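Understanding the architecture of this molecule
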Amino acid sequence: MKTMEPAYGGREIPERRSGLSNGALGMIVFIGTELMFFAALISAFLIISAAAEAWPPEGQPRLPIVITAFNSLILFASGWMMYKAFQPFKIDPYSEATRKQVRLTMWLGIIFVGIQGIEWIRLLSYGLTMTSSQYGAFFYLIIGTHALHAIGAVIGLLRLSRKLDAGDLKEETFHAVQLFWYFVVGIWPILYVLVYLS
Amino acid sequence: MAEVAHAEVGHGDAHDDHHEQSFWSKYVFSTDHKIIGFQYMFTGMAMALIGGYFAYVFRMQLAFPGNSIPFWGTLSPAAYNSLVTNHGTIMIFWVAMPVLIAAMGNFLIPLMIGCDDMVFPRVNRLSYQIFLLSAIVLIISFFVPGGGFGGAWTAYPPLSAKAEYNSTPFGAPLWLIAVTLEIVAFLLGGINFITTTMNARAKGMKMYDIPMIVWMIVIASILFMCSVGPLIAGAVMLLFDQTLGTAFFDAAAGGDPVLWQHLFWFFGHPEVYVVLLPAFGIVGEITCTFARKKLFSYKLILYSTIGLGILSFFVWAHHQFISGVDPRATYLFTTTTLLISIPVAIIMFAYIATLYGGSIRFTTAMLFGLAFTGEFLLGGVTGIWLGSSGVDIYLHDTYFVLAHFHYTFVPIAIIATFAAVYYWFPKMFGRKMNETLGKFHFWGTIIPFNGIFIPLFILGAGGQHRRIYNYQHFPDLAGADMQDMRVFATISLIVMLAFQLVFIANFIISLKKGEKAGKNPWKANTLEWITESPPPHGNFGETMPTVYRGPYEYSVEGREQDYWPQNEKPESEPS
Ligand code: HEM
Ligand SMILES: [Cu+2]
């Protein structure tokens, strides 16, 4: 393209941009920031845990690997449901099929957060706290940050579901919530492997 | 309500501004990008007054140690630290950021790309509200028991992490909360800038038709979005260290204080380019308009900017050469630091080349623009010296560093901002600023600015360490020649501050009595100049503009006029 040359007439004028909707593009930019945020938490975790004498440290409760693995499956299922919601959405946004898929996504998300919460209470009762060790501090910092994101995303799903029921939804809102949920689901395996399995 | 008014009129339709709007909904809770831009601008200017006052107080202490300071009293060491810390914090986060990115971005982007508003107007309003809240939290932090935070704007732990060390049990966390809120506000703004520019440009505006300043603000926003995550992460961890008693940065309990430095500077260095780029953009627009010449090598500037943006993520450890970073790693960061000066130099030379052969008009805006180019050069060149790790071991944390970054930040946040205000004031308020007062203000700002910081270069090279309350306690630094330079710098500062009264007076008088500007007082090409001054709600009235050419078609051969607005329909072919 040589548009810096003065255009002497006859220039074809493209229509307004299409490509990505505002909601989707805005969300992608936001997720980029989130990725850097998590990358920082993870590198902090790696630096501190690599310098520690023993990781996990002696005398600290171990994290619930099996239950959380099961819980991870619930989260993945939820992500899959979100993906499946997209097909009926394209055909008819307000169809029963779409609404059901979104509700399923949301409930699976709620179950994930719920099980995490129960596990946290148990860990606290075993004495793993933010101040008990670096191990505990990073666990609550990183997994807690993820949990906050999951809760935020579930609230987004709830609003999405409400709007679908009310028959009043902008397509870009759907894309934005969908992308954010993919982010919450997609970042989880990395955190699980790093924090639970290290 | 502004929102309702906005919803009523469809995309790009005519907006009529005759709704009965209350003061509150029109100026306080507005979603109009221009109003939000003004809110950012005036808040930033108010904060600049606070930051300038702080500088006056601690410079007085350095020049006349121990004496009672007019408009303050005697200054305690703790208060000195708090003033220095908050001066830096305010000038970067509450002046440079809101005025350069937020105010200019909000006011200019929709006008220059030819759309009616930001794509997420309510997110935009929320952004300002969070920003205002952050400013209030920061101001409250000066008045809590123990006083405002005094651990330097870089907030290195352990000093910043423990109240036993910094003795500001409330000031420190409040400072951190304020900074975090401020950053969240700009996150929301950045999403808007990027999405709006990508998705809402006027018909016909292709990638290379976007005015350079819009590109620069968008690239700055991308840099900000990519670099700010680590700072937020670090801020949360530091806040937990301060309040919950975690030990992320406490070496005694298995933490790592240098980790904070990495998180901070990973953000901190891109951040200097975040504020630099909008300033480059402003100066580019002004240079073209008043040299009546096409921007020299638009594409080269654009690609250099992108390259500079990418490189800026790989230089951060040049702030940590003496923090125990592996000496082999310092080679790497020295190299990247020297490399990054190449794209910066390309942009500077492109601007100088734009001037070459132009018919230059020395308006106040142009004077400030030219001063930016000249003064910033000194800042950039001294940065190259600091980037060489061998030299930096001696110079780190001296006044030489301080003078270096003031020779970058002052041209950015003060000189370029004034250039922008003089240039766009007619568009913002419909009247021109007074040129005579403007030139008076220009010389009264530029000469004392050099008077402040040239002595500080010399003092820094002479070994004067930063962050010291009273040099009389250090025999090597207490000599009369050194003290004279401190006094000279302080007096220069007072002169510079005094001349800002000229600006404030000019601003207020011109608002009411300035010469009417009309639509296009400077005969410029970009789209903001085709609409009314000030632009109505919805910006362009009945029809949105269509773009036919790039933004810098000045002095095109064969045309009667020496400018060629982007939206002018090509009717007759020039010979
Ligand atoms: C774009 C405008 C620039 C700004 C706003 C800027 C800002 C700063 C700031 C704030 C510091 C002080 C950090 C501290 O508190 O210790 C600093 C230090 C430094 N700057 Fe710049 N800088 C700019 C350009 C450059 C350039 C172009 C270079 C090199 C090519 C450079 C190299 C350095 C180095 C190496 C230091 C560290 C010195 C030390 O702490 O010992 N800067 N700069
Ligand atoms: Cu730097």
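Residues numbered from 1 in each chain as written. Chains lettered and ligands numbered in written order. Predicted model: local features only at pLDDT ≥ 70, side-chain atom pairs only at ≥ 80, totals over all residues. Heavy atoms only, no water.

1. Section: the overall build of chain A
The helix and strand inventory of chain A stands at five helices and zero strands. Helices and strands appear in chain A in the N-to-C order α-α-α-α-α. In terms of overall dimensions, chain A is more spread out than a globule: its C-alpha atoms have a radius of gyration of 22 Å, far above the 16 Å expected for 198 residues. For chain A, the residues scored as buried account for 51% of the 198 residues in total. (Helix = DSSP H or I, 4+ residues; strand = E, 2+ residues; numbered from the N terminus. Rg over C-alpha atoms; globule rule 2.2 N^0.38 Å. Buried < 20%, exposed > 50% of the residue type's maximum accessible area, 1.4 Å probe, protein only.)

2. Overview of the overall build of chain B
If you tally the helices and strands in chain B, you get 16 helices and zero strands. For a compact globule of 575 residues, the expected C-alpha radius of gyration is about 25 Å, and chain B comes in at 24 Å, within 12% of that figure. Summarising its shape, the C-alpha atoms of chain B cover approximately 75 × 50 × 50 Å along the three principal directions. Counting all 575 residues of chain B, 63% fall into the buried class. In chain B, once contacts between residues fewer than 6 apart in sequence are set aside, the share between residues at least 24 apart is 79%. Here chain B displays about 21,100 Å² of accessible surface, and carbon together with sulfur accounts for 68% of that area. (Contact = heavy atoms within 4.5 Å. Areas by Shrake-Rupley, 256 points an atom, 1.4 Å probe, with all protein chains shown as cover.)

3. Topic: the coordination of the copper ion (ligand 2)
All names here are of chain B. Taken together, H269 (ND1), H318 (NE2) and H319 (NE2) make up the full set of protein donors to the copper ion (ligand 2), lying 1.8 to 2.1 Å away. Read N to C, the donor residues that coordinate the copper ion (ligand 2) are spaced as H-x48-H-H. In this structure, the copper ion (ligand 2) lies 4.5 Å from the iron atom of ligand 1. The exposure class assigned to H318 is buried, which follows from its relative accessible area of 13%. (Donors = N, O, S within 2.8 Å, 3.2 Å for Na, K, Ca; no water.)

4. Here we look at the site of ligand 1
All names here are of chain B. Around ligand 1 sit 22 residues in total, of which D392, H396, H404, T408 and R466 are the nearest. Between ligand 1 and H404, the relevant distance is 2.8 Å, taken from a nitrogen atom to a side-chain nitrogen or oxygen of the residue. One of the side-chain nitrogen or oxygen atoms of R466 is found 3.0 Å away from an oxygen atom of ligand 1. Secondary-structure elements contributing two or more residues to the shell around ligand 1 are α9 (257-291), α11 (327-355), α12 (364-387) and α14 (399-429). For the shell around ligand 1, the residue count by class is eleven nonpolar, nine polar and two charged. (Near = heavy atom within 4 Å. Polar contact = N/O pair within 3.5 Å; in protein donor to acceptor, adjacent residues only side chain to side chain. Nonpolar A, V, L, I, M, F, W, Y, C, P; charged D, E, K, R; others polar.)

5. Points about the packing of helix α4 (residues 77-113) of chain B against α9 of chain B
All names here are of chain B. Contact pair α4 / α9: the axes reach a minimum separation of 11 Å and the direction vectors enclose 45 degrees. Classified by the interaxial angle, the pair formed by α4 and α9 is oblique. α4 and α9 meet at a crossing whose hand is left-handed. Each of I92, F93, A96, M97, L100, I101, M104 and M112 in α4 lies in contact with α9, whose residues at this interface are F267, E271, V274, V275, P278, A279, I282 and E285. Considered class by class, the residues forming the contact of α4 with α9 number 14 nonpolar, no polar and two charged. (Axes fitted to C-alpha atoms, helices over the stretch in contact; angles between N-to-C directions. Parallel < 35°, antiparallel > 145°, perpendicular 65-115°, else oblique. Left-handed = near helix turned anticlockwise from the far one by under 90°.)

6. Brief notes about the pattern of salt bridges
Taken as a whole and assessed by the stated rule, the structure comprises 15 salt bridges over all chains. Note that D326 of chain B is salt-bridged to R328 of chain B, the shortest N-O span being 2.7 Å. The partly exposed category is assigned to D326 of chain B, whose relative accessible area is 33%. Owing to a relative accessible area of 62%, R328 of chain B belongs among the exposed residues under this scheme. Notably, a salt bridge pairs K519 of chain B with E532 of chain B, separated by 3.8 Å at the nearest N-O pair. Of the two residues, K519 of chain B is situated in the segment after α16 (480-513) and E532 of chain B in the segment after α16; the sequence distance between them amounts to 13 residues. Classification of K519 of chain B as partly exposed rests on a relative accessible area of 42%. Overlapping salt bridges bring together E96, R99, R103 and D165 of chain A as one network. (Salt bridge = Lys/Arg side-chain N within 4 Å of Asp/Glu carboxyl O.)

7. Considering unusual backbone geometry
A cis geometry characterises the amide bond from W55 of chain A onward to P56 of chain A, with omega recorded as 0 degrees. Note that the residue after S533 of chain B, namely P534 of chain B, is joined by a cis bond; omega there is -10 degrees. As for its position among the elements, P534 of chain B is in the segment after α16. A positive phi angle is found at A152 of chain B, which is not glycine, with a value near 75 degrees. Relative to the elements of secondary structure, A152 of chain B occurs in the loop between α5 (121-141) and α6 (163-166). The exposure class of A152 of chain B is buried, given its relative accessible area of 11%.

8. Some thoughts on helix α7 (residues 171-199) of chain B
Turn by turn, an α-helix covers 3.6 residues, leaving residues three or four places apart pointing in a common direction. Helix length check: α7 of chain B, at 29 residues, gives a terminal C-alpha distance of 42 Å against a target of 42 Å (1.5 Å per residue), a fit within 8%. Most of α7 of chain B sits inside the fold, with 24 of its 29 residues counted as buried. (Expected span 1.5 Å × (residues − 1).)

9. Here we look at helix α3 (residues 33-63) of chain B
All names here are of chain B. With 31 residues, α3 should reach 45 Å at 1.5 Å per residue; the first-to-last C-alpha distance of 44 Å fits that figure. Where burial is concerned, most of α3 is hidden: 24 out of the 31 residues are buried. Of the residues flanking the start of α3, the one acting as N-cap is D32, its side-chain oxygen 2.7 Å from the backbone nitrogen of K34.

10. Regarding the environment of S78 of chain A
All names here are of chain A. When you line up the elements, S78 lands in helix α2 (residues 65-91). In the structure, S78 is positioned 104 residues away from Y182 in sequence and 9.5 Å away in space, judged by C-alpha atoms. Setting aside its immediate chain neighbours within four residues, S78 contacts T105, L108, G109 and W181. Looking at S78, its side chain comes within polar contact range of the main-chain oxygen of T105, at 3.2 Å.

11. Some words on the confidence of the model for chain A
Averaged over all residues, the pLDDT of chain A equals 88, while 91% of them reach at least 70. Between residues 1-16 of chain A, whose pLDDT stays under 50, and residues either more than four places distant or in other chains, the model counts 43 contacts. (pLDDT = per-residue confidence, 0-100.)

12. A closer look at the nonpolar core
Residue and element names in this part refer to chain B. Core analysis: the biggest nonpolar cluster contains 241 residues, and W94, M237, F280, F372 and W424 have the highest contact counts within it. Among the elements that line this core, the one with the most residues is α14, at 23 residues. Apart from residues no more than four positions distant in its own chain, F280 is found in contact with M216, V344, I347, M348, Y351, F372 and F376. (Core = buried A, V, L, I, M, F, W, Y, C linked by side-chain atoms within 4.5 Å.)

13. Considerations on the side chain of N192 of chain B
By the secondary structure assignment, N192 of chain B is in helix α7. Residue N192 of chain B is classed as buried on the basis of its relative accessible area, which comes to 0%.

14. Regarding a nonpolar patch on the surface
Residue and element names in this part refer to chain B. A contiguous nonpolar patch, built from L338, L377, V381, I384, W385 and V391 and spanning about 480 Å² of accessible area, is present on the exposed surface. The biggest single contributor to the nonpolar patch is α12, with four residues. Along the polypeptide, W385 turns up in helix α12. (Patch = residues over 30% accessible without salt bridge, like charges linked within 9 Å, V, L, I, M, F, W, Y side chains within 5 Å.)

15. Focus: the side chain of K432 of chain B
Residues and elements named next belong to chain B. On the secondary structure map, K432 appears in the loop between α14 and α15 (435-461). Within the buried core, K432 has no salt-bridge partner, and the shortest N-O distance to an opposite charge, that of E515, equals 4.2 Å. Sequence-distant contacts of K432, defined by excluding residues within four places in its chain, comprise F425, P426, S510, G514, E515, A517, P521 and W522. (Lys, Arg positive; Asp, Glu negative; His and termini not counted.)

16. Some thoughts on the environment of A147 of chain A
Tracing the chain through its elements places A147 of chain A in helix α4 (residues 134-166). The spacing of A147 of chain A and Q116 of chain A is 31 residues in sequence and 8.0 Å in space, taken between C-alpha atoms.

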